[in-house]
Amino acid sequence: MSRDLLLRGGRIVDPSQGMDTIGDVLLRDGRVESCGSGIGTPDGAEVIDVTGLVVTPGMIDVHIHLREPGREDVETIATGAHSAAAGGFTGVCAMPNTKPVTDNQAVVGFVKRQGEAAGYARVYPYGAISVGQKGETLAELAEMVGAGAVAFSDDGKPVESAQLMRTALEYARAFNVPIAEHCEDMTLARGGSMNEGIMSAKLGLKGIPAEAEEIYVIRDILLAKRTGGHIHLCHLSTKGSVELVRWGKERGINVTSEVCSHHISLTEDAVEGYNTNAKMNPPLRTAADVEALQQGLADGTIDLLVTDHAPHHYDEKEREFADAPNGIVGLETALGINCTYLLHRGIMTMSQLVDAMSCKPAKVFHLPGGTLSRGSLGDVTVFDPTRTWTVDPKAFKSKGRNTPYGGHQLTGQARLTVVGGRVVYRAD
Ligand SMILES: [Zn+2]
Ligand SMILES: [Zn+2]
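Residues numbered from 1 in each chain as written. Chains lettered and ligands numbered in written order. Predicted model: local features only at pLDDT ≥ 70, side-chain atom pairs only at ≥ 80, totals over all residues. Heavy atoms only, no water.

Trainee: Quick rundown of the pairing of strand β1 (residues 5-14)? Include the residues and the values.
Mentor: With eight of 10 residues buried, β1 is to be regarded as a mostly interior element. Pairing geometry for β1 and strand β4 (residues 46-49), over four bridges, is parallel. Residue pairing in the sheet places L6 in a bridge with V47 of β4. Pairing analysis gives eight bridges linking β1 to strand β2 (residues 19-28), with the strands arranged antiparallel. Bridge assignment links D14 to a residue of β2, and that residue is M19. Linkage of β1 to β2, two consecutive antiparallel strands, is achieved through a turn of four residues, within which G18 is found at a positive phi near 60°. The pairing of β1 with strand β5 (residues 54-57) spans two bridges and is classified as parallel. Within β5, the position partnered with R11 by the bridge is V54. (Buried < 20%, exposed > 50% of the residue type's maximum accessible area, 1.4 Å probe, protein only. Helix = DSSP H or I, 4+ residues; strand = E, 2+ residues; numbered from the N terminus. Pairing = 2+ DSSP bridges.)

This is the structure in structure tokens:
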């Protein structure tokens, strides 16, 4: 039996229990023993003073890319999970666009086991929707659920066949798992490397119009309506997408969605100077889009925040803008970005922020956690919402260094991450 752990004197924010109070959290045998005020210190307990800090159910990122198997030089499951812990995340869902593709029970099992062996954060594997992510044949969803897949996605690309998406939604309904879609009409997007608009014209780069995303958003909402299956829309980036999700939710359609920290904090202006660290898919959009995404989070149209953590090798991002790979390292900056751009600007309350980063990810993806209720998983995030720090990519636990936030000042930082009652990360 492990030692009890008492986190003493923090501000406990747990929307799952409607809790926002100063108190203690006691963890025993990997679970929450009690939380709130007036908790005594059991004999032999390890006590950590968290006065002045915010204590929440462990944060969960349902959209990240680990590069193992296949590109362990870029990221391994262990380095990615370490990065997660350093960013305050106790759980992550790993997308299946690995080499080989995570499209069968053997690879799903491998990802799960590697995550457990690393021990930093809980790693929940996604399974691919189609065999090899080729968009042709439905993968063995049942077999992968049995091996531990928590959701399905062909992320990196869209499911181009509406018929295949319809079938996937029908099958997944039986297992009560979401189908997560990367919304991108390739006939409109192909060859594009940034948002289509004034900036792309100025830089002479081919743009990706908002409609490339929105056409898939509405198609998939309509397929969810037809099938009753759960569609989860990944990394929404446009005002129109928010309006379409709102339309779907108002009609009771089984649709949920997410936005990335970079899409609520940066515009296409970050691309100026052909900055490949600002190259991502979907691309950074306009100020009006950013505002609509923030509003969508505030009013609950958008359910949750993710990072779309996508490490790349340094040399690969050094290419010309149009040829450079998409994506940024996200896990270690997300909490700071979300505090800076959503909390401190009054867009979201503390409780809403915790809901979007912990409770709702757990609820939408049917994962354990997302609560500090008695007997629940002993996964806890402790952070300082007022701590200002400068992003130094060289200090990342991730192997990746590609971020547009290098040198940026953020206010808000993870201080302590606890998984299963065990401290997995502690800031110096
Ligand atoms: Zn994607
Ligand atoms: Zn992704």
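Trainee: I'd like to hear about the packing of helix α11 (residues 334-343) against helix α12 (residues 350-364), residue by residue, with values.
Mentor: A packed helix pair is summarised by two numbers, namely the angle formed by the two axes and the spacing between the axes. Two elements in contact, α11 and α12, have axes separated by 11 Å at closest approach and are oriented at 140°. It follows that α11 is oblique to α12 by the angle criterion. Where α11 crosses over α12, the two elements pack in a sense that is right-handed. From α11, L335, N338, C339, L342 and L343 reach across to α12, where they touch M350, L353 and M357. Classifying every residue of the contact of α11 with α12 by side-chain character gives seven nonpolar, one polar and no charged. (Axes fitted to C-alpha atoms, helices over the stretch in contact; angles between N-to-C directions. Parallel < 35°, antiparallel > 145°, perpendicular 65-115°, else oblique. Left-handed = near helix turned anticlockwise from the far one by under 90°. Contact = heavy atoms within 4.5 Å. Nonpolar A, V, L, I, M, F, W, Y, C, P; charged D, E, K, R; others polar.)

Trainee: Kindly report on the pairing of β5, identifying the contributing residues and their values.
Mentor: Bridge count for β5 against strand β16 (residues 380-390) is four bridges, and the pairing is antiparallel. Counterpart to V54 in the pairing with β16 is F383.

Trainee: Summarise the coordination of the zinc ion (ligand 1); cite the residues concerned and give the values.
Mentor: Coordination of the zinc ion (ligand 1) by the protein is provided by D155 (OD), H182 (ND1) and H235 (NE2), with metal-donor distances spanning 2.0 to 2.1 Å. The sequence pattern describing where the donors of the zinc ion (ligand 1) fall on their chain is D-x26-H-x52-H. The class of D155 is buried, set by a relative accessible area of 2%. (Donors = N, O, S within 2.8 Å, 3.2 Å for Na, K, Ca; no water.)

Trainee: Describe the sheet that holds strand β13 (residues 231-233), naming the residues involved and giving the relevant values.
Mentor: Taken in spatial order, the eight strands make up an open sheet running β6-β7-β8-β9-β10-β13-β14-β15, and their pairing is parallel. Because the sheet does not close on itself, it has two edges, and the strands there are β6 (59-64) and β15 (304-306). The mean angle between the axes of side-by-side strands here comes to 30°, regardless of whether they run parallel or antiparallel. Looking at chain direction, strand β14 (residues 255-260) and β15 are connected through three bridges and run parallel. Following the sheet pairing, E258 is matched in β15 by L304. Contacting β7 (89-94) and β8 (122-127), helix α2 (residues 105-118) runs over the sheet at an angle of about 170° to β8.

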